[in-house]
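Descriptive structure summary
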Amino acid sequence: MMQDRLRHLWQNHRKALLAFVVALVLMLVFAVRMITATLYWMDPAKQDQPLAGWMTPRYVAQSYQLPPEVLGPALFLAENSAPMRRSLETIAAEHGVTLDELQARVEAAAAAWRASQ
């Protein structure tokens with residue numbers, strides 16, 4: 001019965017069936033990505049992590065749950081600048097600071113922002 005329906009759809013509505021299958025696969029891919037990202041960031045060990053040279057501003061923003069307008073100045077990022085995939089190590093070297101100094105700036109920005117919430 002199911003095979004008859006699929007055969008009928010394949011013979012008479014091939015484009016619609018292919019579009020449906022592609023949409024279904026895309027939906028599943030995005031659902032899996034959303035679930036894995038949610039589980040990753042819900043782990044308490046991933047929250048407020050100490051800064052490491054390999055981290056990017058986006059990773060820090062996720063870990064500390066800070067909006068770009070709060071984190072940007074702490075990491076010397078220009079306001080309304082396009083997101084860059086630079087590491088914290090690169091940012092620290094460009095501005096002549098250590099990762100410990102960046103850590104202190106991020107923690108201060110996070111504490112001030114959280115206190116205002």
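Counting of residues starts from 1 at the beginning of each chain's written sequence and follows it residue by residue. Where local features are concerned, this predicted model is filtered to residues with pLDDT of at least 70; where side-chain atom pairs are given and counted, the filter is 80 or more; whole-chain, interface and lining totals use all residues. Side-chain measures here rest on the full set of heavy atoms in the structure, leaving out hydrogens and waters.

It is worth spelling out the environment of glutamine 49 at this point. Its location among the elements puts glutamine 49 in the loop between α2 (14-42) and α3 (57-64). Residue classification places glutamine 49 among the buried positions, given a relative accessible area of 14%. As a C-alpha pair, glutamine 49 and alanine 112 span 63 residues in sequence and 17 Å in three-dimensional space. Two residues form a contact once any of their heavy atoms are found within 4.5 Å. In contact with glutamine 49, other than residues within four places in its own chain, are Met55, Tyr59, Ser63, Tyr64 and Gln103. Numbering of helices and strands starts at the N terminus; helices are DSSP runs of H or I of at least 4 residues and strands are runs of E of at least 2. Relative accessibility thresholds used throughout: buried, under 20% of the residue-type maximum; exposed, over 50%; partly exposed, between the two (1.4 Å probe, protein chains only).

So, on to the nonpolar core. Core analysis: the largest hydrophobic core is formed by 20 residues, its most contacted members being Leu51, Val60, Tyr64, Leu71, Leu88, Leu102 and Val106. When residues of this core are traced back to their parent elements, those giving at least two are α3, α4 (68-74), α5 (88-95) and α6 (99-116). What leucine 88 contacts, discounting residues up to four positions off in sequence, is Leu51, Ala52, Gly53, Met55, Thr56, Pro57, Val60, Leu75, Leu99 and Leu102. What we call a nonpolar core is a set of buried Ala, Val, Leu, Ile, Met, Phe, Trp, Tyr and Cys residues that are connected through their side-chain atoms within 4.5 Å.

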